[in-house]
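# Chain and residue survey
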Amino acid sequence: MKTIKSLLTAAIASTLLVSTQAHSAEKPVITVAYTNYYVPYDFVNDKGEADGIEVAIIKEVEKKLPQYEFKYVPTSDDDLLIGVESGKYTVGTKGIWITEPRKKKYVFPKHNISASVVGIVIRKENANEIKDLDSFASFSGKLVPIAPQDARYSIIADFNKNTKGEKIKLLPSEAFQISDAYTWVLEGRYDAYLEIELSYKNNIANEGAPYHKFADKLNYIRYKGVPTYPIFNKKQQQFADEYDKAIEELEKDGTIAKLEEKYFGERLSAYLGK
């Protein structure tokens, strides 16, 4: 009888030990939310896989951090922002620019994940006179108004602060449709519209774009690169620090440069002074 009891005790102890070891072996889950349509930054490809340069870079970060299990969740802009803030997601990525209001809601890492290019849309008839923001400011400075909470507003505010020449007329906007901005420029109500290059390509330049009919009348001039960042839940400072360390290694070994060439065909980091 004692032998049977001893065997049962040993079996139970062994089961508890295995259960404890299995539990301790479980990795913390990093839930990565990403927008499912923002090509080439973050999207679901035709194979149903998480794709895009920002997703690809986070997957490289994942390789550097084997102590975690990563889970990728495609979602909408609003759900991503609300989900990261609430803790539903650990991290979110969608071509995000840093703004002061966002800094109050999320942890931003020290190192950006990618970059986007911003510039001005002008009439082609003025292409010989407007070459950049300085010449645009001298030409008229009549820019389509921008909402003060829009990150693009601060770009023009910074230009005006730092320029030694003419300033751009920076006016706060009322709500309007994107097509209105193009029409206002074409009609001469304003002489330029500040826009992200990718949006210009998707809205006007590309074949089949919704406003492609304007392509022969409008021109796009690059101004500068703007760093994009993932956002982390406020309780995830440690993970954000680990992300930063991994990004430094990926920059040094050339991985990020290769991914930029793959997704953009160029190094957008060059527009950030890197």
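Here we summarise the structure given alongside this text. (Residues numbered from 1 in each chain as written. Predicted model: local features only at pLDDT ≥ 70, side-chain atom pairs only at ≥ 80, totals over all residues. Heavy atoms only, no water.)

## Some thoughts on the packing of helix H2 (residues 53-64) against helix H10 (residues 255-264)
Viewed as axis vectors pointing N to C, H2 and H10 meet at an angle of 155°, and their least axial separation amounts to 10 Å. Considered as vectors, H2 and H10 are oriented roughly antiparallel to each other. In this structure, H2 crosses over H10, and the sense of that crossing is right-handed. Here Ile53, Ala56, Ile57 and Glu60 of H2 come into contact with H10, specifically with Thr255, Ile256, Leu259, Glu260, Tyr263 and Phe264. Of the residues assigned to the contact of H2 with H10, the class counts are seven nonpolar, one polar and two charged. (Axes fitted to C-alpha atoms, helices over the stretch in contact; angles between N-to-C directions. Helix = DSSP H or I, 4+ residues; strand = E, 2+ residues; numbered from the N terminus. Parallel < 35°, antiparallel > 145°, perpendicular 65-115°, else oblique. Left-handed = near helix turned anticlockwise from the far one by under 90°. Contact = heavy atoms within 4.5 Å. Nonpolar A, V, L, I, M, F, W, Y, C, P; charged D, E, K, R; others polar.)

## Looking at the pairing of strand E1 (residues 29-35)
The buried count for E1 comes to six of seven residues, which makes it a mostly enclosed element. In this sheet, strand E5 (residues 69-75) lies alongside E1 in parallel orientation, the contact comprising seven bridges. Bridge pairing in E5 places Val32 opposite Tyr72. Bridge count for E1 against strand E6 (residues 91-96) is three bridges, and the pairing is parallel. Within E6, the position partnered with Val32 by the bridge is Val91. (Buried < 20%, exposed > 50% of the residue type's maximum accessible area, 1.4 Å probe, protein only. Pairing = 2+ DSSP bridges.)

## Examining the sheet that holds strand E4 (residues 50-51)
On the basis of which strands lie adjacent, the open sheet formed by three strands has the order E2-E3-E4 and antiparallel pairing. Of all the strands in the sheet, the pair left with one neighbour each is strand E2 (37-38) and E4. Judged from the two bridges that link them, E2 and strand E3 (residues 42-44) form a sheet pairing that is antiparallel. By the bridge assignment, Tyr37 is partnered in E3 with Phe43.

## A short note on the nonpolar core
Judged by nonpolar contacts, the single largest core of 55 residues is most densely connected at Phe70 and Ile120. Setting aside chain neighbours within four positions, we find Ile120 in contact with Ile130, Asp132, Leu133, Phe136, Ala192, Tyr193, Leu194, Asn219, Tyr220 and Ile221. One finds Val185, Tyr193, Tyr200 and Phe214 within the second-largest nonpolar core, a separate group that totals 14 residues. (Core = buried A, V, L, I, M, F, W, Y, C linked by side-chain atoms within 4.5 Å.)

## A closer look at the packing of aromatic side chains
Applying the stated criterion across every chain yields a total of 16 aromatic pairs. Ring centres of Phe108 and Tyr229 lie 6.0 Å apart, and the angle between their planes is 85°; this geometry places the pair in the edge-to-face category. Here the residue Phe108 occupies a position in the loop between helix H4 (100-105) and strand E7 (114-123), and Tyr229 occupies one in strand E9 (residues 218-232), the gap between them amounting to 121 residues. Assessed through its relative accessible area of 15%, Phe108 is described here as buried. (Phe/Tyr/Trp six-rings, centres within 6.5 Å; stacked < 30°, edge-to-face > 60°.)

## A short note on the pattern of salt bridges
A full pass over the atoms with the stated rule returns 13 salt bridges. Salt-bridge contacts for Asp253 lead to Lys64; the nearest nitrogen and oxygen are separated by 3.9 Å. With a gap of 189 residues between them, Asp253 in the loop between helix H9 (237-252) and H10 and Lys64 in helix H2 connect regions that are remote in the sequence. Ionic pairing is found between Arg222 and Glu266, a salt bridge with its closest N-O pair at 2.7 Å. Remark: Glu266 occurs in the segment after H10 and Arg222 occurs in strand E9; sequence separation between them is 44 residues. Residue Arg222 is classed as partly exposed on the basis of its relative accessible area, which comes to 26%. Among the residues examined, Glu266 registers a relative accessible area of 24% and is labelled partly exposed. Among the charged side chains, a network of salt bridges with common partners joins Lys64, Glu249 and Asp253. (Salt bridge = Lys/Arg side-chain N within 4 Å of Asp/Glu carboxyl O.)

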